[in-house]
Amino acid sequence: MKKLKLSLTLASCCLATTLSAQGIPAGDSTFTLTTIAEVTVKGEDITRLSTVSATGALQGQVPGATIIQNSAQPGMGYNINIRGIGTFGDSNPLYVIDGIAGGSLEALNPADIESVEILKDGASTALWGIRGGNGVVLVTTKRGGGGRTKVSYDGFYGWQNVSKMPSMTTAQDYMILINERGFNESGALINWENLLPENLYNAIRNGQSTNWLNEVYKKGAPTTNHTVNVSGGQKGHTYSVGLSYTGQDGIIRPESSSFRRFNLRVNTDNVAIRSKRGLDILTIGETLNLNYNKRHTLAEGDRNWNSIRNYLSACPLLPVYGEDGSFFDAAAREASGWNFGTDETAMHPILIDNNTAMGLNSSTNLNIQGSFYIQLQPIKGLKLKSTAGYLLSTGETTTEEKVYRVNEKYFNDEASTTKTTFNNRKLSWENTLSYDCTIASKHNLGALVGMSAEKWTLHETPGILLAYFANLHYNYDNRYTISATYRTDGSSYFKKGHRWMSFPSVSASWTISNERWMKPVKDWFSLLKLRASWGKLGNNSINNYAFLSTYSAKNYVFNNTLVNGLAVAAFANPGLMWETTTSTDLGLDLGVLNNRLTAEIDLYSKLTDGILYKPTIFSTAGTASAPYQNIAEVTNKGVELTLGWRDTVGDFSYSINGNISYNKNRVSKYKGALKQGWQTDEEGNKVFVSNLGDVSTGGSTRVLEGHVINEYYMLDTYSGNGSFFNGDGSFISKKCVGNIFAPFHSAYS
């Protein structure tokens, strides 16, 4: 993809950010956690990559994080897995945007972001308790600075192209293959001259062939982003306002595959009362991130609902247009004398996308995230802060069906339009009391206590989360640091008696390079620090009230009459509990030659048990489904290494960075071990025995004890002679052949 980028800055400003504690916007934290495993990516490093998605810009910059795009369609989001997958449900991390949990990074414009911090170990994510099991991503958007008004513009325009198109079967090769199949089946060859219109038959003999992918491929599909930011402030009043537009067209039929996004961001901070000594006694502020997007998509489901599959499998004999220049539809085929089939062989994929929900599929979405805070600081270091937040995600999906007749399989005689709407809301309220001080110049102490309450409506289903948390942080002489966190969560997702759980964590570090006996080698070892952390986290990614039985309407016979009634649709599990993740991390931070050479090494182990899952049950239970159960255990163990070199030669500055990570994922407890193979029965006959159905779940990807989660389970390579046995007499069976999450990851920049 080629891009032209233009950046115009009328005035510049630089904001300093720090890791934020629970509910405290970055920059306002009363202490900085220095004992944890986390990675910070600056906003400028995201913007310079000129991407539509901020998440996509993180690829390769975060060791231990696997970032995969959900779909190649324009504007589609990404999944982030931090230090492996540890659950059968939603494995994405918690996003905290400007101190408000539950937002979407995809809704933000990359140019509006000041920094992104990825928290990876149990100590760093423990403040988010029930939702920290998959990691936490802290996002800080740009805020204002003092001084005169500053206006900046950032934008790019790019072109997208396919690096390599697949080779398609030509019309003449297709005819040969069809003849081979017919000869193998019946010994007869097809008389193509009788099946195809004369002019089409002659054109194919002269080399005409329809490459359906080329017909719908648009070279140089545009992608663009434009952002204007206005910031400034004076006398304790600062503001930052951003307005942006993002557009991206797909490389397949741009009129049916496109993405448009509009963003408005407003952040203000105001000191209402300031003492004569310069202490900000009362501060109020707000954040607002508004996003509106519209997208058109193509079908990308299974083989029966996939536009690309249709283009790949469409018959190359079929022309796109008839002699009159219109699409070669059913009427044109009948008029031309086409006799080579009326079903799959006559499927016109462009007509299908132009007339059905496979191509006539659009959606609009409005996201609003806002917060208002008030902070009281009666004495230096003591802060009482209250923050109210609001999240709204509302939208509409529209699908259309026009009147058309592609062939005997694809036709519609009555036009229709279907609209589906959703409206999800969340209110949050958080209160924190923090204090930090320095005693005798060497003892640095920080403490935080707080509570948070959230109430939401998701797909018309309400939910409530209540939490209390505390953190204590102590540092002696910038050498020894210890931090402890404790959080208790209560969720409406579970039955009374099972709604509350506590999540503790502890971490410590020793900055060896600050020891007095290290002074002789200080020029060599600018930084040498050991870190260790342990934490317990949670996950409640299930439907609300999943512990209850549900019922559905069923008919039954009463007095020889069919009447309406209710039957159990899902069984209850009143003992349903949380998933818990226990994480341990050991780390080493190294800076050599005045921090020109830097290195970070982390060894970690993460155990998730009581995994929430709805297993299959025996058919003798009837039509009811099983309840969610705490039935499985998954382990992730790995190592991460980050290296960097930066230097300045005269007026020239440069840097080189790279990282590599390894993660070993295993389902350590599920339904028992797989046992399959050839056995000899009582009569001396060899039989193939497998308990696969009893100890695993899934289809082409399966959950199986002792294997990687969601490992592909497919047929082995065939090497036989036409029977169901291989040439060596063994049975053709399926086996585990890997998964999409490679254990090794590396990147450099």
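Residues numbered from 1 in each chain as written. Predicted model: local features only at pLDDT ≥ 70, side-chain atom pairs only at ≥ 80, totals over all residues. Heavy atoms only, no water.

Concerning helix H4 (residues 171-186)
Relative to the 22 Å expected for 16 residues at 1.5 Å per residue, H4 spans 22 Å between its end C-alpha atoms, a close match to the ideal helical length. Next to the buried residues of H4 lie helix H5 (192-195) and helix H6 (198-205). Gly187 lies just past H4 and shows a positive phi near 80°. (Helix = DSSP H or I, 4+ residues; strand = E, 2+ residues; numbered from the N terminus. Expected span 1.5 Å × (residues − 1). Contact = heavy atoms within 4.5 Å.)

Structural notes on the nonpolar core
Judged by nonpolar contacts, the single largest core of 25 residues is most densely connected at Trp192, Leu196, Leu317, Trp338 and Phe340. For this core, the secondary structure elements donating two or more residues are H4, H6 and helix H7 (212-216). With 4 residues, the single largest contributor to this core is H4. Not counting residues up to four positions away in its chain, the partners in contact with Trp338 are Leu195, Leu196, Pro197, Leu200, Leu317, Leu318, Phe328, Arg333, Thr345 and Ala346. (Core = buried A, V, L, I, M, F, W, Y, C linked by side-chain atoms within 4.5 Å. Buried < 20%, exposed > 50% of the residue type's maximum accessible area, 1.4 Å probe, protein only.)

Some points on the packing of H4 against H6
Here H4 crosses H6 at 105°, and the two axes come no closer than 9 Å. Comparing the axis directions of H4 and H6 gives the class roughly perpendicular. On H6, the residues that touch Ala171, Gln172 and Met175 of H4 are Tyr201, Ile204 and Arg205. Grouping the constituent residues of the contact of H4 with H6 by class yields 4 nonpolar, 1 polar and 1 charged. (Axes fitted to C-alpha atoms, helices over the stretch in contact; angles between N-to-C directions. Parallel < 35°, antiparallel > 145°, perpendicular 65-115°, else oblique. Nonpolar A, V, L, I, M, F, W, Y, C, P; charged D, E, K, R; others polar.)

Some words on a nonpolar patch on the surface
On the surface, a nonpolar cluster with roughly 320 Å² of combined accessible area is contributed by Leu376, Leu384, Leu433 and Val449. Along the chain, the position of Val449 falls in strand S19 (residues 443-458). Looking at Val449, the relative accessible area reads 44%, which means it is partly exposed. (Patch = residues over 30% accessible without salt bridge, like charges linked within 9 Å, V, L, I, M, F, W, Y side chains within 5 Å. Areas by Shrake-Rupley, 256 points an atom, 1.4 Å probe, with all protein chains shown as cover. Salt bridge = Lys/Arg side-chain N within 4 Å of Asp/Glu carboxyl O.)

Remarks on the confidence of the model for the chain
Taken as a whole, the chain shows an average pLDDT of 86; of its residues, 92% reach a score of 70 or greater. In the model, residues 2-33 has pLDDT below 50 throughout and makes 97 contacts with residues more than four positions away in sequence or in other chains. (pLDDT = per-residue confidence, 0-100.)

Points about the pairing of strand S18 (residues 416-439)
Sheet topology places strand S15 (residues 382-401) next to S18; 20 bridges connect them, and they run antiparallel. Counted as the bridge partner of Lys383 is Ser434 from S18. Relative to S19, S18 is paired through 15 bridges, and the arrangement is antiparallel. In the sheet register, Asn431 faces S19, and the bridge partner there is Met451. Taking the residues between adjacent antiparallel strands as the criterion, S18 and S19 are bridged by 3 residues, where Ala440 takes a positive phi near 55°. (Pairing = 2+ DSSP bridges.)

With respect to H6
Because an α-helix packs 3.6 residues into every turn, residues spaced three or four apart end up facing the same way. When we look at burial in H6, the residues that qualify are Leu200, Tyr201, Ala203 and Ile204. Across the axial projection of H6, the buried residues extend over an arc of 165°, all falling on one side. Every exposed residue of H6 that faces more than 90 degrees away from the buried side is listed here: Glu198 and Arg205. Phi turns positive one or two residues past the end of H6, at Gly207, with a value near 110°. (Arc of directions from axis to C-beta.)

Topic: unusual backbone geometry
Keep in mind that most residues, glycine aside, have a negative phi and that most peptide bonds are trans. Even without a glycine there, the phi angle at Lys235 is positive, about 50°. One can find Lys235 in the loop between strand S10 (221-234) and strand S11 (237-249).

Here's the deal with the pairing of strand S26 (residues 579-592)
Judged from the 14 bridges that link them, strand S23 (residues 525-539) and S26 form a sheet pairing that is antiparallel. Within S26, the residue paired with Leu530 across the bridge is Leu588. One ladder, built from 13 bridges, connects S26 with strand S27 (residues 597-613); its direction is antiparallel. Along S27, the bridge assignment pairs Ser583 with Lys606. If you look at the hairpin formed by S26 and S27, you'll find 4 residues sitting between the two strands, and Leu593 has a positive phi there, around 55°.

Topic: the packing of aromatic side chains
Scanning the entire structure with this criterion turns up 16 aromatic pairs. The interplanar angle of 85° and the centroid separation of 6.1 Å between the aromatic rings of Trp456 and Tyr493 together place this pair among those described as edge-to-face. A residue pair is termed long-range when its members are at least 10 positions apart, and Trp456 in strand S19 and Tyr493 in the loop between strand S21 (480-491) and strand S22 (500-511) qualify at 37 residues. Each member of the pair, Trp456 as well as Tyr493, is classed as buried. Members of the aromatic cluster, joined through ring pairs, are Tyr174, Trp192, Phe328, Trp338 and Phe340. Seen from the ring of Tyr373, Lys385 lies directly overhead, with NZ or CZ sitting 4.6 Å from the centre. Against the face of Phe411 rests Arg405, its NZ or CZ located 4.5 Å from the ring centre. (Phe/Tyr/Trp six-rings, centres within 6.5 Å; stacked < 30°, edge-to-face > 60°. Lys NZ or Arg CZ within 6 Å of the ring centre and 35° of its normal.)

Points about the environment of Lys536
Take Lys536: it is sitting in strand S23. Separated by 403 residues in sequence, Lys536 and Gly133 place their C-alpha atoms 8.2 Å apart. Those residues in contact with Lys536, other than ones at most four positions away along the chain, are Ser502, Phe503, Pro504, Thr580, Thr581 and Thr582.

Some remarks on empty space enclosed by the protein
In this approach the atoms are scanned with a rolling probe the size of a water molecule, which exposes any empty space left behind. Counted by the stated rule, this structure contains 7 cavities of 30 Å³ or more. For the second largest cavity, the calculated volume is near 60 Å³. Lining the second largest cavity are 11 residues; nearest its centre among them are Thr47, Thr51, Pro110, Phe156 and Asn225. Those elements giving two or more residues to the lining of the second largest cavity turn out to be helix H1 (43-47) and strand S9 (147-160). (1 Å grid on protein atoms, 1.4 Å probe; cavity = no way out; pocket = protein on both sides within 12 Å on 5 of 7 lines; lining within 4 Å. Points joined across faces, edges and corners; volume = space filled by probe spheres on them.)

A look at the pattern of salt bridges
Evaluation of the coordinates by the stated rule reveals 20 salt bridges. Here Asp585 ties to Arg83 by a salt bridge, and the two come within 2.9 Å at their closest N and O atoms. Of this pair, Asp585 sits in strand S26 while Arg83 is found in the loop between strand S4 (78-82) and strand S5 (94-97), placing the two residues 502 residues apart along the sequence. Comparing Asp585 with Arg83 shows no difference in burial state: the two are buried. A salt bridge links Glu515 to Arg479; the shortest N-O distance between them is 3.0 Å. Residue Glu515 is found in the loop between S22 and S23, and its partner Arg479 is found in the loop between strand S20 (461-476) and S21; the two are separated by 36 residues along the sequence. Residue classification places Glu515 among the buried positions, given a relative accessible area of 5%. Look at the salt bridges and you will find they share partners, linking Arg83, Lys120, Lys529, Arg531, Asp585, Asp589, Asp602 and Glu640 into a network.

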